Amino acid sequence: MLLTKGTLENYILAFAVLLFEGGLARASFVGQARFRDASRLRHQAERLAAEMERNSREDHLTALLNRRGLEHAIDQFENTDGPFVAMLIDLDGFKSVNDTYGHRTGDELLARIARRIEEEAPEGSTLARIGGDEFVLVFSSLRTSPSPSNLASNLISKLARPYPGVASVRIGASIGIYFG
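First things first, this report covers the structure right here in the doc. This is a predicted model, so every value here is computed, not measured. (Residues numbered from 1 in each chain as written. Predicted model: local features only at pLDDT ≥ 70, side-chain atom pairs only at ≥ 80, totals over all residues. Heavy atoms only, no water.)

1. Observations regarding the overall build of the chain
Point 1. Secondary structure summary: the chain contains 5 helices and 4 strands in total.
Point 2. Beginning at the N terminus, the succession of helices and strands in the chain can be written as α-α-β-α-α-β-β-α-β.
Point 3. Buried positions account for 28% of the 180 residues belonging to the chain.
Point 4. Put simply, of all contacts in the chain between residues at least 6 apart along the chain, 68% involve residues at least 24 apart. (Helix = DSSP H or I, 4+ residues; strand = E, 2+ residues; numbered from the N terminus. Buried < 20%, exposed > 50% of the residue type's maximum accessible area, 1.4 Å probe, protein only. Contact = heavy atoms within 4.5 Å.)

Written out as structure tokens, the structure is:
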């Protein structure tokens with residue numbers, strides 16, 4: 001086959017078009033892959049940010065809200081549920097658990113105490129651990145049964161019951177009640 005100047009130009013032009021179109025297709029696939037990667041990374045970052053936000057509001061030991069989570073919950077509570085009751089529950093005698101049995105046992109006991117408080121808490125209430133041995137229970141004053149003072153008595157009684165594994169230490173509680 002004899003190549004003339006016009007035929008050679010046509011071949012070069014056809015070859016250039018193929019390279020260009022192939023490059024566009026490859027660039028398109030690369031662009032799509034980068035978009036998928038960016039979307040995946042954005043989704044992972046959003047999920048991680050949500051998890052970090054949740055962790056910043058949760059007490060890792062008891063799985064209750066922490067002080068920051070309680071502040072957020074109270075803001076939401078005031079806006080939606082009207083008047084509320086807040087109870088500050090301060091454990092009495094808890095330091096002796098850590099001194100006698102160690103911090104690991106003390107940590108496990110705090111989680112068990114949190115479960116006892118949750119069992120007595122009114123439906124729809126919010127419970128938080130705001131310090132070493134301090135809890136706050138917040139609930140609507142419109143839906144309270146029993147009364148806050150009776151609930152406080154029930155909680156004190158329930159928390160004072162012996163805990164298996166730490167029988168030689170007695171835990172008590174002091175409860176302050178705020179009507180807001």
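2. Brief notes about unusual backbone geometry
Point 1. Non-glycine residue Ala 63 carries a positive phi angle of around 65°.
Point 2. When you line up the elements, Ala 63 lands in the loop between helix H1 (5–56) and helix H2 (67–80).
Point 3. On the basis of relative accessible area, Ala 63 is assigned to the exposed category, the value being 54%.

3. Some words on the pattern of salt bridges
Point 1. Inspection of every chain in the model, using the stated rule, returns 6 salt bridges.
Point 2. For the salt bridge of Arg 129 with Asp 59, the shortest nitrogen-to-oxygen distance reads 2.8 Å. In this pair, Arg 129 is assigned in strand E2 (residues 126–131) and Asp 59 in the loop between H1 and H2, connecting sequence segments 70 residues apart.
Point 3. Across the pair Glu 120 and Lys 158 runs a salt bridge, and its minimum N-O distance is 3.3 Å. A residue pair is termed long-range when its members are at least 10 positions apart, and Glu 120 in helix H4 (residues 103–120) and Lys 158 in helix H5 (residues 148–160) qualify at 38 residues. (Salt bridge = Lys/Arg side-chain N within 4 Å of Asp/Glu carboxyl O.)

4. Description of the sheet that holds strand E3 (residues 134–140)
Point 1. Within the open sheet, the 4 strands sit side by side as E2-E3-E1-E4. Their pairing is antiparallel. Each end of this open sheet is capped by a strand with a single partner; those strands are E2 and strand E4 (172–179). Sheet twist, expressed as the average angle between the axes of neighbouring strands with direction ignored, equals 20°.
Point 2. For strand E1 (residues 84–92) and E4, the ladder comprises 8 bridges, and the chain directions are antiparallel. Bridging across to E4, Asp 92 finds its partner in Gly 172. (Pairing = 2+ DSSP bridges. Axes fitted to C-alpha atoms, helices over the stretch in contact; angles between N-to-C directions.)

5. Focus: the packing of aromatic side chains
Point 1. A full pass over the atoms with the stated rule returns 1 aromatic pair.
Point 2. Seen from the ring of Tyr 163, Arg 116 lies directly overhead, with NZ or CZ sitting 3.6 Å from the centre. (Phe/Tyr/Trp six-rings, centres within 6.5 Å; stacked < 30°, edge-to-face > 60°. Lys NZ or Arg CZ within 6 Å of the ring centre and 35° of its normal.)

6. Some details on H4
Point 1. For H4, spanning 18 residues, the distance from its first C-alpha to its last is 26 Å, which sits close to the expected 26 Å at 1.5 Å a residue.
Point 2. By the burial criterion, the buried members of H4 are Gly 106, Leu 109, Leu 110, Ala 111, Ile 113, Ala 114, Arg 116 and Ile 117.
Point 3. On its buried face, H4 is in contact with E1, helix H3 (95–101), E2, E3 and H5. (Expected span 1.5 Å × (residues − 1).)

7. Some thoughts on the environment of Ile 175
Point 1. By secondary structure assignment, the location of Ile 175 is in strand E4.
Point 2. Residues Ile 175 and Asp 90, spaced 85 residues apart in sequence, show a C-alpha to C-alpha distance of 6.3 Å.
Point 3. The residues touching Ile 175, leaving out its near neighbours within four places in the chain, are Met 87, Leu 88, Ile 89, Ala 152, Leu 155 and Ile 156.

8. Re H5
Point 1. For H5, with 13 residues, the first-to-last C-alpha span of 18 Å sits near the 18 Å given by 1.5 Å per residue.
Point 2. Within H5, the full set of buried residues consists of Pro 148, Leu 151, Ala 152, Leu 155, Lys 158 and Leu 159. All buried residues of H5 fall inside an arc of 130° around its axis, so they share one side.
Point 3. Next to the buried residues of H5 lie E1, H4, E3 and E4. (Arc of directions from axis to C-beta.)

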